[in-house]
Amino acid sequence: MFIIGLTGGIGSGKSSAANILKELGLKIIELDQITHNIMMAGEPGYIEILKKFGDKYIDKNNVLDRKLLRDDIFSSIELKKRIESTLHPIIFEECEKQLNKLRNEKYIALIIPLLFETKNYINLINESLLIDCDVKYQLKRVIKRDGVSKALAIKIIENQMSRDEKLLLADKVILNDGNIDNLGTQLKKYLSLIHISEPTRPY
Ligand code: ADP
């Protein structure tokens, strides 16, 4: 099993790359999806939030109030840390479970937005693949996709690890400054060369 740790800043094209890789036959595990799933009513993340914060973040339909949680996290670094330390072990465990189920696959793409920031996943992957993109395209794409103001998009991007730092840390880089077809062509080329990368680590 060869695990590609696919990462990149917001709007760089991670999900687009993941969709293409899926079409090319790779199995995909998305950490954002895991995070979403564990927060559903009755799931482990939901239960831990309930244990630690009471029903503050649970709405009248017993559903997690994701917006309130997001807003509070945005305005308190302390809370952000508490939530992260609560959820990270649960997300990691679920990720390992999913990887274990796919252990017979030759290649797996693990989509990890904060691969270089959290470091927890570095030892799990065989190599990192950074989807990189010029900040001007990143801004345009985030504004269009999320319907946010330019000022907010800039703030979100500035809060993330810089492009230069990510470029220094990445094993492989794909520049997503062209169109989607171009991203596809680069991913196909990447896959065609992957077999000459490091030997597969036993998982
Ligand atoms: P991420 O998952 O990294 O946040 P996405 O893959 O969702 O980024 O891409 C952000 C937005 O930009 C999406 O609406 C996507 O359709 C669009 N997008 C991504 N890559 C390209 C590209 N090469 N050309 C045009 N639009 C793109």
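Residues numbered from 1 in each chain as written. Predicted model: local features only at pLDDT ≥ 70, side-chain atom pairs only at ≥ 80, totals over all residues. Heavy atoms only, no water.

(A) Main features of the overall build of the chain. For the chain, the helix and strand inventory stands at ten helices and five strands. Taking 17 Å as the expected radius of gyration for a compact globule of 203 residues, we find that the chain reaches 18 Å, a close match to that expectation. Across its three principal directions, the C-alpha atoms of the chain cover 50 × 40 × 30 Å. Within the chain, the fraction of its 203 residues that count as buried is 39%. (Helix = DSSP H or I, 4+ residues; strand = E, 2+ residues; numbered from the N terminus. Rg over C-alpha atoms; globule rule 2.2 N^0.38 Å. Buried < 20%, exposed > 50% of the residue type's maximum accessible area, 1.4 Å probe, protein only.)

(B) Focus on the site of the ligand. Around the ligand, the structure places 14 residues, and the nearest of them are Lys14, Ser15, Ser16, Arg145 and Asn176. A distance of 2.8 Å separates an oxygen atom of the ligand from a polar atom in the side chain of Ser15. Residue assignment for the shell around the ligand shows that the elements contributing at least two residues are helix H1 (14-23) and helix H7 (135-146). Here the shell around the ligand is composed, by residue class, of two nonpolar, nine polar and three charged. (Near = heavy atom within 4 Å. Polar contact = N/O pair within 3.5 Å; in protein donor to acceptor, adjacent residues only side chain to side chain. Nonpolar A, V, L, I, M, F, W, Y, C, P; charged D, E, K, R; others polar.)

(C) Summary view of the nonpolar core. Within the largest apolar cluster, 33 residues are counted, with the highest numbers of intra-cluster contacts made by Ile49, Leu64, Cys95, Leu99, Leu110 and Tyr121. For this core, the secondary-structure elements that each account for two or more residues are helix H2 (31-38), helix H3 (44-53), helix H5 (77-101), strand S3 (107-111) and helix H6 (115-118). Per element, the largest residue contribution to this core is seven residues, and it comes from H5. Core analysis: the second largest hydrophobic core is formed by 19 residues, Ala17, Ile28, Ile111 and Leu183 among them. (Core = buried A, V, L, I, M, F, W, Y, C linked by side-chain atoms within 4.5 Å.)

(D) Summary view of the pattern of salt bridges. Tallying each qualifying case throughout the model produces eight salt bridges. In this structure, Asp72 and Lys56 form a salt bridge, with 3.2 Å as the shortest nitrogen-oxygen distance. With Asp72 in helix H4 (residues 66-75) and Lys56 in the loop between H3 and H4, this pair connects stretches of sequence that are 16 residues apart. For the salt bridge of Glu127 with Lys172, the shortest nitrogen-to-oxygen distance reads 3.1 Å. (Salt bridge = Lys/Arg side-chain N within 4 Å of Asp/Glu carboxyl O.)

(E) Molecular detail of the packing of H7 against helix H8 (residues 150-159). Two elements in contact, H7 and H8, have axes whose closest approach is 9 Å; the angle formed by their N-to-C orientations is 120°. Compared by their axis directions, H7 and H8 come out oblique. Regarding H7 and H8, the two cross each other, and that crossing is right-handed. Of the residues in H8, those in contact with Gln138, Leu139, Val142 and Ile143 of H7 are Lys150, Ala153, Ile154 and Ile157. Its residues assigned to classes, the contact of H7 with H8 comprises six nonpolar, one polar and one charged. (Axes fitted to C-alpha atoms, helices over the stretch in contact; angles between N-to-C directions. Parallel < 35°, antiparallel > 145°, perpendicular 65-115°, else oblique. Left-handed = near helix turned anticlockwise from the far one by under 90°. Contact = heavy atoms within 4.5 Å.)

(F) Fine view of unusual backbone geometry. Even without being a glycine, Asn62 presents a positive backbone phi close to 65°. Locating Asn62 in the fold gives a position in the loop between H3 and H4. Of note in this structure, Lys119 is not a glycine but carries a positive phi near 65°. Mapping Lys119 onto the fold places it in the loop between H6 and strand S4 (127-132).

(G) Expanded view of the environment of Lys166. By secondary structure assignment, the location of Lys166 is in helix H9 (residues 163-169). Each C-alpha atom of the pair Lys166 and Thr7 lies 9.1 Å from the other, and the pair is 159 residues apart in sequence. Other than its neighbours up to four places away in sequence, Lys166 contacts Gly8, Gly9, Phe116, Glu117, Leu130, Gln160 and Met161.

The quantities given are spatial measurements derived from coordinates; they are silent on function.
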